[in-house]
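# What the coordinates show
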Amino acid sequence: MPDGATPFVLDVKDLKTVFRTRRGEVHAVNDVSFTLKSGELLGVVGESGSGKSVTMMSLIRLLPMPPAEIRGGSVMFEGQDLARVSEDTMRAIRGARIGMVFQDPMTSLNPVFTVGYQIIEPLRTHMGLNKAQAANRAVELLELVGIPDARRRLDDYPHQFSGGMRQRVMIAIALACDPKVLIADEPTTALDVTIQAQILELIKDLRQKLGMAIVWITHDLGVIAGIADRVMVMYGGQVVEQAPVRELFANPQHPYTRMLLETVPNIRGDRQEKLRVIQGQPPILSKAPESCPFRDRCPQAFDRCASENPVRFDVGPAHDAACFWDFKTGAPRHA
Amino acid sequence: MRDTGTPKKLVEVKNLKMHFPIRSGLLRRVTGAVKAVDDVSFDIFEGETLGLVGESGCGKSTCGRAVLRLYEPTSGSIIIDGEEIAHAPFDKLRRLRPKMQMVFQDPQASLNPRMTVAGIIGEPLMEHGKMSAKDRLDRIYELMDAVGLNRDFANRYPHEFSGGQRQRIGIARALALNPKFIVCDEPIAALDVSIQAQVVNLLEELQDRLGLTYLFISHDLSMVRHIADRVVVMYLGKVAEIGPRDGLYDDPLHPYTKALLSAVPEPDPVAHDSANRTILQGDVPSPANPPKGCNFSTRCPVAMDICRRLDPEVAEVKPGRFVACHLYNETTSQTAGNAAQTVGA
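Residues numbered from 1 in each chain as written. Chains lettered and ligands numbered in written order. Predicted model: local features only at pLDDT ≥ 70, side-chain atom pairs only at ≥ 80, totals over all residues. Heavy atoms only, no water.

Here we take up the overall build of chain A. Along chain A, the regular secondary structure elements total 11 helices and 14 strands. Burial analysis of chain A (335 residues in total) assigns 55% to the buried set. Partitioning the intrachain contacts of chain A with sequence separation of at least 6 by distance along the chain shows that 62% fall at a separation of at least 24. When the accessible surface of chain A is totalled, it reaches about 14500 Å², and 51% of it is carbon and sulfur. Of the charged side chains in chain A, 39 are positive and 39 negative, and the gap between their average positions amounts to 2 Å. (Helix = DSSP H or I, 4+ residues; strand = E, 2+ residues; numbered from the N terminus. Buried < 20%, exposed > 50% of the residue type's maximum accessible area, 1.4 Å probe, protein only. Contact = heavy atoms within 4.5 Å. Areas by Shrake-Rupley, 256 points an atom, 1.4 Å probe, with all protein chains shown as cover. Lys, Arg positive; Asp, Glu negative; His and termini not counted. Charge placed at Lys NZ, Arg CZ, Asp CG, Glu CD.)

Turning next to the overall build of chain B. Secondary structure summary: chain B contains 12 helices and 12 strands in total. A compact globule built from 345 residues should have a C-alpha radius of gyration of about 20 Å, and chain B, at 21 Å, falls within 12% of that. Taken along the three principal axes of its C-alpha coordinates, chain B extends 70 × 60 × 45 Å. Going through the 345 residues of chain B one by one, you find that 53% of them count as buried. A fraction of 64% describes how many contacts in chain B between residues 6 or more apart in sequence connect residues 24 or more apart. Accessible area of chain B: about 15000 Å², with a carbon and sulfur share of 49%. Chain B carries 41 positive and 43 negative side-chain charges, and their two centres are separated by 6 Å. (Rg over C-alpha atoms; globule rule 2.2 N^0.38 Å.)

Quick look at the interface of chain A and chain B now. Across the boundary between the two partners, chain A contributes 42 residues, which contact 40 residues of chain B. Of the roughly 3700 Å² buried at the junction of chain A and chain B (both faces included), carbon and sulfur atoms supply 55%. Counting the surface chain A buries against chain B, the share from its top three residues, I267, R268 and R271 of chain A, is 19%. At the boundary of chain A and chain B, one finds 0 salt bridges. For the interface between chain A and chain B, the tally reads 8 residue pairs in polar contact (both at pLDDT 80 or more). (Buried area = accessible area lost by both parts, 1.4 Å probe. Salt bridge = Lys/Arg side-chain N within 4 Å of Asp/Glu carboxyl O. Polar contact = N/O pair within 3.5 Å; in protein donor to acceptor, adjacent residues only side chain to side chain.)

Residues and elements named next belong to chain B. Per the counting criterion, the structure on display carries 44 salt bridges over all chains. Across the pair R245 and D246 runs a salt bridge, and its minimum N-O distance is 3.0 Å. D246 sits in the partly exposed class, given a relative accessible area of 40%. Each of K8, E46, D81, K99 and K180 takes part in salt bridges that share partners, so that together they form one network.

Let us look at unusual backbone geometry. In this chain, M65 of chain A is followed by P66 of chain A through a cis amide linkage whose omega measures -15°. Along the chain, P66 of chain A falls in the loop between α1 (52–59) and β4 (68–77). With an omega of 10°, the peptide bond running from P66 of chain A to P67 of chain A counts as cis. Within the chain, D149 of chain A stands out as a residue other than glycine whose phi angle is a positive 60°. Under the relative-accessibility criterion, D149 of chain A is labelled partly exposed at 45%. The residue L236 of chain B is not glycine, and still its phi comes out positive at about 50°. Take L236 of chain B: it is sitting in the loop between β9 (230–235) and β10 (238–244).

Let us look at the pairing of strand β8 (residues 213–218) of chain B. Residues and elements named next belong to chain B. Among the 6 residues that make up β8, 6 are buried, leaving the element largely enclosed by the rest of the structure. Both faces of β8 are covered, namely the face carrying T213, L215 and I217 and the face carrying Y214, F216 and S218. As paired strands, strand β3 (residues 49–53) and β8 are joined by 5 bridges and run parallel to one another. Across the sheet, V53 pairs through a bridge with S218, a residue of β8. In the sheet, strand β7 (residues 181–185) pairs with β8 via 5 bridges, with the strands oriented parallel. By the bridge assignment, I182 is partnered in β8 with Y214. (Pairing = 2+ DSSP bridges.)

What follows is about the packing of aromatic side chains. Under the criterion given, the structure shown has 11 aromatic pairs over all chains. Taking the centre distance of 5.1 Å and the plane angle of 80° together, the rings of Y235 of chain A and F294 of chain A count as edge-to-face. Linking Y235 of chain A in strand β9 (residues 230–235) with F294 of chain A in the loop between α10 (255–263) and α11 (303–307), this pair joins segments that are 59 residues apart in sequence. By relative accessible area, F294 of chain A is classed as buried at 1%. Taken together, a centroid distance of 5.4 Å and an interplanar angle of 85° make the contact between F20 of chain B and Y71 of chain B edge-to-face. (Phe/Tyr/Trp six-rings, centres within 6.5 Å; stacked < 30°, edge-to-face > 60°.)

Turning to the sheet that holds strand β2 (residues 24–37) of chain A, a few remarks are in order. All names here are of chain A. On the basis of which strands lie adjacent, the open sheet formed by 4 strands has the order β2-β1-β4-β5 and antiparallel pairing. Where the open sheet ends on each side, the last strands, each with one partner, are β2 and β5 (80–81). Along the sheet face, α1 touches β1 (8–21), β2 and β4 and points at about 70° away from the line of β2. (Axes fitted to C-alpha atoms, helices over the stretch in contact; angles between N-to-C directions.)

Moving on: the confidence of the model for chain B. This prediction gives chain B a mean pLDDT of 87; 93% of its residues lie at or above 70. Under a pLDDT of 50 for its full length, residues 332–340 of chain B has, in the predicted model, 8 contacts with residues more than four places off or in other chains. (pLDDT = per-residue confidence, 0-100.)

Here Q167 of chain B is to be found in helix α5 (residues 163–175). If near-sequence neighbours (up to four positions away) are discounted, Q167 of chain B is found in contact with V103, F104, Q105, P107, P187, L191 and V199 of chain B.

This is the structure we're talking about:
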């Protein structure tokens, strides 16, 4: 990577987030590093508790602090380190330069304000538009996300929209200020498959029109396969594998990724008699990991995994995996 | 529904209707009804798993609950193991309860947080049996072994367990009275992918060992393909299609089934690029005010005139394949063949 001017819109290095609770610390994010190129869609996959949402919420500082604490690392965005900027600067970036879409469209819209008000609000605060301009822009945005009869629907309340339509509204709000980066946290998980298919089409279409970079958090490998350019797999608060989407699905190099791909039944093609099971439970991260967090559930684990936490080794072009086992040679890695 | 070669029908549901009244005005008069389940019929054979799929609000969970008579059905008949339960008096129903059990979606909400695991699993034994305390504890341990829970945890509370383990507690409770028939209502929806496989494998293993019959309700079409022998697809309170698993997944007949299957994203980037998807427009209409004619006609890519006027009956169009669609109707069969091919493209 060239130093100085970076090709990345977002460059996260060694991000560490800890929750301090009465029952001790929880190390939710452990030295997470990743980059996002302009216009790229990065899929972030992991189970609940893997740290995928907390990572993204940390970088826009949308966590309650305390108990959360960003204990280290840097988040470079447009020449500033978001881990260090003032809260005022952060507020100006959040919702404007970085947009967010959350999982549950039921709870992330305010039920007592009209949808129009909720779209117009960021336009007025962040873009300084007057009422009429903002209303026009709001209509444009609702049309952009495929809501019919947009002008009339500005006066409707969230409960008058269906789940899929509400998620479209959320997307419209996130896009309102023309963000450079959109963070979408399980945006289709609460939706039915036929509605999910509509939203995925919408996102593909919007990417072409607007060219923003997207971080798409999900646990659904099917969704990722269809939409991402590059995928980052998280486990135990760390990135365990990262690769371009086709490479990851064709050639997974971390045992967790490999098993994850096998536990999901197919909708087409061969039907497996028995599902592959990942035995055991995800780890509880009461301290920073000193060994591989996947060790207890890993069929490949050997003595080194218990004494050292693997770094991310290069395993192919733009492909890295945090594992001491080398699947290509079928032997431990020499490094 | 007939399926040659399969021995005995354990569950027969006929014309089941479950309507919830809509009340409005000062006097709370009934002004309408949400037809959550509207004239649904299907059979479940002994030892099989019948998958029941559909989107949220299609009535699949209501149907599952009504089949166990956790609701009072509006009309219709439910025969389980030869006994009519849809209108059975409560004392008779209570006698039949041990045969039919349920595993719920949310293991957090369906286990009493103030009871220990032993208390939860032992409760049905106390309600329905006359076991001594020692026999009961033995049975509890046996059940915990069967579902893969450590016996040492018998005196712990549900909050001390993970989601997957909690679901195992719920399964052990359902098994306590040696049921023949279990309704699994989205048993894995609240679990992580790596844990889902554990629970599904457990359900399959228990089925083999104990000869259980499942009604497996889920919105996860891939998982239903894995676990079910036959599948019922519901849309807006009605049956759209019933068929054996392989036939239904390889060659769906109803336009809704086709669209539903094509909407499932595959974990394979290469397949995505070549996939030719049918993306349905719009949302599911309200079950309080379903469209006239076929309830899918408002979103159907191949809707014809007749679909907006006449509600199609469920009919057997191939052996074992039941579809409610005018495309496969006798009178319209001329155009049906051609149209059906275009949908499948």
